[in-house]
Amino acid sequence: MIAKLTEAERAALVDLLPNWILAKGRDAIERSFKFRDFSEAFGFMTRVALLAEKHDHHPEWSNVWNRVSIALTTHDAGGLSERDIKLAEAIDLIA
């Protein structure tokens, strides 16, 4: 079983992932992205999809024209885990 983040690991998220926020009402992190147009947003989603497959960890996300919203949580752990941190860091590198 995948372990949930400890309280110390959660506290470190502010510095580790400054562009991500804790989701309200659930154990997840979220980030929104804005692009020039739909094509750029869709291209970003394609790159994230390839990352997600590589990490074997898939985001919850939505897209409206030039905006992409991503939420990360580990369903197998019942909340945030190291898998979410690693995928968020990888997403930040391509954003």
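Predicted model, so just to flag it, every value in this text is computed and none were measured.

**Overview of the pairing of strand β4 (residues 67-72)**
Pairing of strand β2 (residues 29-34) with β4 involves six bridges; the strand directions are antiparallel. Bridging across to β4, S32 finds its partner in S69. The sheet contact formed by strand β3 (residues 60-64) and β4 spans five bridges and is antiparallel. Across the sheet, S62 pairs through a bridge with S69, a residue of β4. Counting the residues between successive antiparallel strands, the hairpin from β3 to β4 contains two residues, one of them, W65, with a positive phi of roughly 45°.

**With respect to the pattern of salt bridges**
Any two side chains of opposite charge can pair, given that their charged atoms come close. All told, the structure shown has seven salt bridges when counted by the stated rule. R36 serves as the salt-bridge partner of E40, at 2.6 Å between the closest nitrogen and oxygen. Overall, R36 belongs to the exposed group, its relative accessible area being 68%. Through salt bridges with shared partners, a single ionic network connects K4, E7, R10 and D27.

**A short note on the sheet that holds strand β1 (residues 21-22)**
Here we have four strands laid out as an open sheet, ordered β1-β2-β4-β3, and antiparallel in their pairing. In the strand order of this sheet, the two ends are held by β1 and β3, each with one partner. Set on the sheet, helix α3 (residues 82-94) makes contact with β2 and β4; between it and β4 the angle comes to about 160°.

**Some remarks on unusual backbone geometry**
For D56, which is not a glycine, the phi torsion comes out positive at approximately 50°. Within the secondary structure, D56 is located in the loop between α2 (38-55) and β3. The exposure class assigned to D56 is exposed, which follows from its relative accessible area of 52%. The phi angle at W65 is positive, at roughly 45°, despite the residue not being glycine. Tracing the backbone shows W65 in the loop between β3 and β4. Classification of W65 as exposed rests on a relative accessible area of 52%.

**Structural notes on the nonpolar core**
Counting 21 residues, the largest nonpolar core has W20, I70 and I91 as the members making the most contacts within it. Of all elements in the fold, only β2, α2, β4 and α3 reach the threshold of two or more residues within this core. Leaving out residues up to four positions away in the same chain, I91 has contacts with W20, F33, F44, V48, L51, I70 and L72.

Reading the values: the criteria
- Per chain, residue numbering runs from 1 following the sequence as it is written.
- The model is predicted, so local features are restricted to residues of pLDDT at least 70 and side-chain atom pairs to those at 80 or more, both for listing and for counting; the totals for chains, interfaces and linings are taken over all residues.
- The basis for every side-chain value is the complete set of non-hydrogen atoms in the structure, without hydrogens or water.
- For two strands to pair, DSSP has to find at least two bridges joining them.
- Secondary structure elements follow DSSP: runs of H or I no shorter than four residues count as helices, runs of E no shorter than two count as strands, and numbering proceeds from the N terminus.
- Note on definitions: salt bridges are taken to be side-chain nitrogens of Lys or Arg within 4 Å of carboxyl oxygens of Asp or Glu.
- Buried residues are those whose accessible area, probed at 1.4 Å on protein chains only, stays under 20% of the maximum for their type, while exposed residues exceed 50% and partly exposed ones sit between those limits.
- Any two residues whose heavy atoms approach within 4.5 Å are treated as being in contact.
- Helix axes are fitted to C-alpha atoms over the stretch in contact, other axes to C-alpha atoms as well, and angles between N-to-C directions run from 0 to 180 degrees.
- We define the nonpolar core as a collection of buried residues of types Ala, Val, Leu, Ile, Met, Phe, Trp, Tyr and Cys that are connected through side-chain atoms lying within 4.5 Å of one another.

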